[in-house]
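Remarks on the overall topology
Chain by chain, the residues:
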Amino acid sequence: MHARIRAGDPDAFRELFRDHARLVYRHAVRITGDWSAAEDIVSLTFLEAWRLRGKLRDEGVSPRPWLMGIAVNVLRNTGRAARRHERALARAPLRDVVPDFADELVGRIADSEELAAAKRALAQLRRAEREVFALCVWSGLGHGEAAEALGVPVGTVRSRLSRARARLRRLTDSELRRRGGGTEPGGASGQVQGGRTTAARSNEETTR
């Protein structure tokens, strides 16, 4: 499979897209909170994968870590571009306000309150911690796969993930309490109750 991708085999790329496009999309929508932007991230990721196909190494049984590493870089670049755009708009003269539908899109996702609180808390983490958390917990990559995707040692992934989980748990609990959500009784373990947050914690546990 790796050799076919490097050779630019169209069937191999169709297989790559079929097997991993949904993973990239879910990762992108959770990071951006915007379904439309996530679709753009998927397109850019696979275009970049085609351009960089010659750099795919034979290590590992799956190209998933390589592909998710590309997705992380695409998200970094589009995030910087979005921030530059926002700063430019802030300097521009005020015109008719165009409504922002990002919150509406996030609200359509199941368990939107928990996801929204987690997303706001996630934004307060350091970028390195945020990327590790998103890859390992939300996208289900193992520690080794995340290390390969980010180009860091496995021990670094584990330490960043541990810090991210501890900080995110506190921040999300605080955010839900502030908004009147709170946690279920018996939450001494720090788990936030609710579909996506609990599922994310469970998913992370399976990657250990």
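It should be noted that the structure appears before, not after, this text.
Summarised in this report is the structure supplied together with it. Predicted, not measured: the structure shown is a model, and the values here were computed from it.

1. Some points on the packing of aromatic side chains
Taken as a whole and judged by the stated rule, the model has 3 aromatic pairs. Judged by centre distance (4.8 Å) and plane angle (70°), the rings of Phe 13 and Trp 50 are edge-to-face. Of this pair, Phe 13 sits in helix α2 (residues 10-32) while Trp 50 sits in helix α3 (residues 35-51), and the two are 37 residues apart along the sequence. Look at Trp 50 and you get partly exposed, because its relative accessible area is 37%. Of note, Arg 53 hangs over the ring of Trp 50, and the distance from its end group to the ring centre comes to 4.1 Å.

2. Things to note about the nonpolar core
In this structure, Trp 66, Phe 133 and Leu 135 are the most contacted members of the largest nonpolar core, which totals 44 residues. Mapped onto this core, the elements with two or more residues apiece are α2, α3, α4 (64-91), α6 (112-122), α7 (127-138), α8 (143-150) and α9 (154-178). Discounting chain neighbours no more than four positions away, the residues touching Trp 66 are Ile 5, Leu 16, Ala 49, Leu 52, Arg 53, Lys 55, Leu 56 and Glu 148.

3. With respect to the packing of α8 against α9
Remark: α8 packs on α9, axes separated minimally by 8 Å, with the N-to-C direction vectors making an angle of 105°. With respect to α9, the element α8 is oriented roughly perpendicular. When α8 is examined against α9, the residues His 143, Gly 144, Ala 146 and Ala 147 are found in contact with a partner set consisting of Val 154, Val 157, Arg 158 and Leu 161. Of the residues contributing to the contact of α8 with α9, the split by class is 5 nonpolar, 2 polar and 1 charged.

4. Quick notes on α3
Taking 1.5 Å of rise per residue, the 17 residues of α3 would be expected to cover 24 Å, and the 25 Å separating its terminal C-alpha atoms lies within 8% of that figure. All of the buried residues along α3 are Ala 38, Ile 41, Val 42, Thr 45, Phe 46 and Ala 49. The arc enclosing the buried residues of α3, seen along the axis, measures out at 125°, which places them on a common side. Every exposed residue of α3 that faces more than 90 degrees away from the buried side is listed here: Leu 47 and Arg 51.

5. Focus on α7
Over its 12 residues, α7 runs 15 Å from end to end, which matches the ideal 16 Å to within 8%, given 1.5 Å per residue. With 9 of 12 residues buried, α7 is to be regarded as a mostly interior element. Gly 140 occupies a position one or two residues after α7 and carries a positive phi of about 75°.

Reading the values: the criteria
Residues numbered from 1 in each chain as written. Predicted model: local features only at pLDDT ≥ 70, side-chain atom pairs only at ≥ 80, totals over all residues. Heavy atoms only, no water. Phe/Tyr/Trp six-rings, centres within 6.5 Å; stacked < 30°, edge-to-face > 60°. Helix = DSSP H or I, 4+ residues; strand = E, 2+ residues; numbered from the N terminus. Buried < 20%, exposed > 50% of the residue type's maximum accessible area, 1.4 Å probe, protein only. Lys NZ or Arg CZ within 6 Å of the ring centre and 35° of its normal. Core = buried A, V, L, I, M, F, W, Y, C linked by side-chain atoms within 4.5 Å. Contact = heavy atoms within 4.5 Å. Axes fitted to C-alpha atoms, helices over the stretch in contact; angles between N-to-C directions. Parallel < 35°, antiparallel > 145°, perpendicular 65-115°, else oblique. Nonpolar A, V, L, I, M, F, W, Y, C, P; charged D, E, K, R; others polar. Expected span 1.5 Å × (residues − 1). Arc of directions from axis to C-beta.

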